[in-house]
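If you want the building blocks of each chain, they are given just below.
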Amino acid sequence: MMLRSGLCGGQTICCRTPCSSTAMQRCLTLTLARHSRLVLRNKFASVHCQQSAAMSGLLINQPKYSWLKELGLSEDNPGVYNGSWGGSGEVITSYCPANNEPIARVTQATMAEYEETVQKTREAWKMWADIPAPKRGEIVRQIGDALRKKIKVLGSLVSLEMGKIYVEGVGEVQEYVDVCDYAVGLSRMIGGPILPSERPGHALIEQWNPVGLVGIITAFNFPVAVYGWNNAIALTCGNVCLWKGAPTTPLTSVAVTKIVAEVLEQNNLPGAICAMTCGGADIGTAMAKDERVDLLSFTGSTHVGKMVAMMVQERFGRKLLELGGNNAIIVFEDADLNLVVPSAVFASVGTAGQRCTTTRRLMLHESVHDTVVERITKAYKQVRIGDPWDPSTLYGPLHTKQAVDQYLAAIEQAKKQGGTLVCGGKVMDRPGNYVEPTIITGLAHDAPIVHTETFVPILYVLKFKTEEEAFAWNNEVKQGLSSSIFTKDMGRVFRWLGPKGSDCGIVNVNIPTSGAEIGGAFGGEKHTGGGRESGSDSWKQYMRRSTCTINYSKDLPLAQGIKFE
């Protein structure tokens, strides 16, 4: 008989035996078996085609981006490093903000892999802490040299994945290199004072020791430099590091870790000295709550930073917070406008307004207000916008589509609150997350939108009359990161630097709010978090201090002249 089966897409099955129930059953069984094999073949073929299509659609497989493989990257990348590479959690795709095309994929850490990594870092610390500080400095020097060799290709990756222009991407890697150089010198200088003791035959000294495991959570806008500030100093101080980079820049985290890991391996050191776990809020929360993380350095928004601070404080842990900034430039009537205009443009437009030190408020004395607005507006219109890896580009895209939405929402709020759109205000008609750099005037100094840090290229221009007024407006926002005045009045300069001047952690004169050097301590006050990274005595945050009294006499005099006989 002839059996027509819909199970096989209309395939005809011939059964030459008589049509008994047994024969019918055998025929149906054969039909089902053949169908199953065919379905499985089709399924596997479909999956293979989908994977092939997905791989061919990744930028890393295009000849134009073949340089990504120089960093050890591939279509699928492990997102865990603790001496060996792994990752079996969620697979995430990294996208290029300039065109929203997928670059490559990273497999994040599971909680079990996080636990394993923490254990390995704690074990690695036992070896690392015993190595003399100058020898640790030598390892940091080698890390800096390894970064130098890859500075252009790594800077290109930052540009591709974060969206900042190429020169800023390279400059960010240079910051890591510079901090390594700084940390090498620091490795021979760390120490506490010998203090005068009031008791004869006694020595009073300060002893500084590493805290142990430093957790480092970094943000998307500086996916290399912020880790570098923490990593280089922490290593020199005798700590091991566990890094969780931003979920939207995982390829940069992987590439940097590969460079550092190679240096450790060449020196026969445990890779877990510089561990990495890519992940989302689950990994970040675990780090904040984990008592084995002796110091948690967090860079991000004030909103998330507050939650992190509370979780760390609940366990009486150490924290280093680098949060938001609502930074102001104040321009007085005697200012050199040839300095003001390029400074304000660079600080407000640079990195498409996505620096924590970006100028968001421009306060202009009423006598120069109109002139400065006119000149800055003209400069804004001349800013070269384009692909971030094009050397001629000065302004690239926002990092995500969500940032574009925030940009539009902020402009609408500013208009409702009395602001006038002078320049920009639109999403650009091109691939990627491009928006026009924007200037808004006419708002009150205390308008809600002015007091809101929006991580986009919107500059609010305010008009003031007196020095006292300008200083007060600078300080009235909740954040206290960076600030700057432009003036030639030396008395005003020192009032600005003094106790009644700026309440920020960075207080500048005749330079922009952005572009801090690594030699100084970086950080801010109030809702900015109070943490300090990079130079000066920031190293103290990565160490614990002991006050030690040593009696080398045969007597036992007590302090404050107390007699106990």
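Structure first, text after, so check above.
Below is a summary of the structure that appears in this document. (Residues numbered from 1 in each chain as written. Predicted model: local features only at pLDDT ≥ 70, side-chain atom pairs only at ≥ 80, totals over all residues. Heavy atoms only, no water.)

Looking now at the packing of helix α3 (residues 133-149) against helix α7 (residues 250-266). Packed helices, taken two at a time, are described by the angle their axes make and the gap between the axes. Running from amino to carboxyl end, α3 crosses α7 at an angle of 135°, the nearest separation of the two axes being 9 Å. Between α3 and α7, the crossing angle belongs to the class labelled oblique. Relative to α7, the crossing made by α3 is right-handed. Together, I139, Q142, I143, A146 and L147 of α3 and I259, V260, V263 and L264 of α7 make up the contact between the two elements. Looking at the contact of α3 with α7, its residues break down into 8 nonpolar, 1 polar and no charged. (Axes fitted to C-alpha atoms, helices over the stretch in contact; angles between N-to-C directions. Helix = DSSP H or I, 4+ residues; strand = E, 2+ residues; numbered from the N terminus. Parallel < 35°, antiparallel > 145°, perpendicular 65-115°, else oblique. Left-handed = near helix turned anticlockwise from the far one by under 90°. Contact = heavy atoms within 4.5 Å. Nonpolar A, V, L, I, M, F, W, Y, C, P; charged D, E, K, R; others polar.)

Attention now goes to the sheet that holds strand β9 (residues 202-210). Pairing within the open sheet is antiparallel, and its 3 strands lie in the order β8-β9-β26. The two strands at the open ends of the sheet, each matched to only one other strand, are β8 (194-195) and β26 (543-551). Two strands pair when backbone bridges link them, and β8 and β9 are joined in this way by 2 bridges, in the antiparallel orientation. Each residue of the ladder has a partner; that of L195, found in β9, is L204. (Pairing = 2+ DSSP bridges.)

For the coordinates displayed, the defined rule picks out 10 aromatic pairs. Between the aromatic rings of Y176 and Y227, the centroid separation amounts to 6.0 Å while the plane-to-plane angle is 85°, which identifies the pairing as edge-to-face. With Y176 in helix α5 (residues 166-186) and Y227 in helix α6 (residues 225-236), this residue pair connects regions lying 51 residues apart in the sequence. When its relative accessible area of 1% is taken as the criterion, Y227 is described as buried. Ring centres of F471 and W496 lie 5.1 Å apart, and the angle between their planes is 50°; on these two criteria the pair is classed as tilted. Of this pair, F471 sits in helix α13 (residues 467-475) while W496 sits in helix α14 (residues 490-497); the two residues are 25 residues apart in sequence, bridging distant segments of the chain. On the basis of relative accessibility, which here comes to 6%, the residue F471 falls in the buried class. Judged by its relative accessible area of 0%, W496 falls in the buried class. Taken together, the aromatic side chains of F332, F464, F471 and W496 make up a single cluster linked through ring pairs. Residue placement shows K258 over the ring face of W85; its charged tip is 4.4 Å from the ring centre. The side chain of R430 reaches across the aromatic face of Y434, ending 4.1 Å from its centre. (Phe/Tyr/Trp six-rings, centres within 6.5 Å; stacked < 30°, edge-to-face > 60°. Buried < 20%, exposed > 50% of the residue type's maximum accessible area, 1.4 Å probe, protein only. Lys NZ or Arg CZ within 6 Å of the ring centre and 35° of its normal.)

We now examine a nonpolar patch on the surface. Judged by side-chain polarity, L556, L558, I562 and F564 come together as a nonpolar surface patch covering roughly 480 Å² of accessible area. Inspection of the secondary structure assignment puts L556 in the segment after β26. (Patch = residues over 30% accessible without salt bridge, like charges linked within 9 Å, V, L, I, M, F, W, Y side chains within 5 Å. Areas by Shrake-Rupley, 256 points an atom, 1.4 Å probe, with all protein chains shown as cover. Salt bridge = Lys/Arg side-chain N within 4 Å of Asp/Glu carboxyl O.)

What follows concerns the side chain of S483. Note on placement: S483 falls in strand β21 (residues 482-486). S483 gets classed as buried once you look at its relative accessible area, which sits at 0%. Side-chain polar atoms of S483 contact the side chain of S502, separated by 2.7 Å. Sequence-distant contacts of S483, that is, excluding residues within four places in its chain, are made with A328, N474, W496, S502, C504, I506, V507, N508 and T513. (Polar contact = N/O pair within 3.5 Å; in protein donor to acceptor, adjacent residues only side chain to side chain.)

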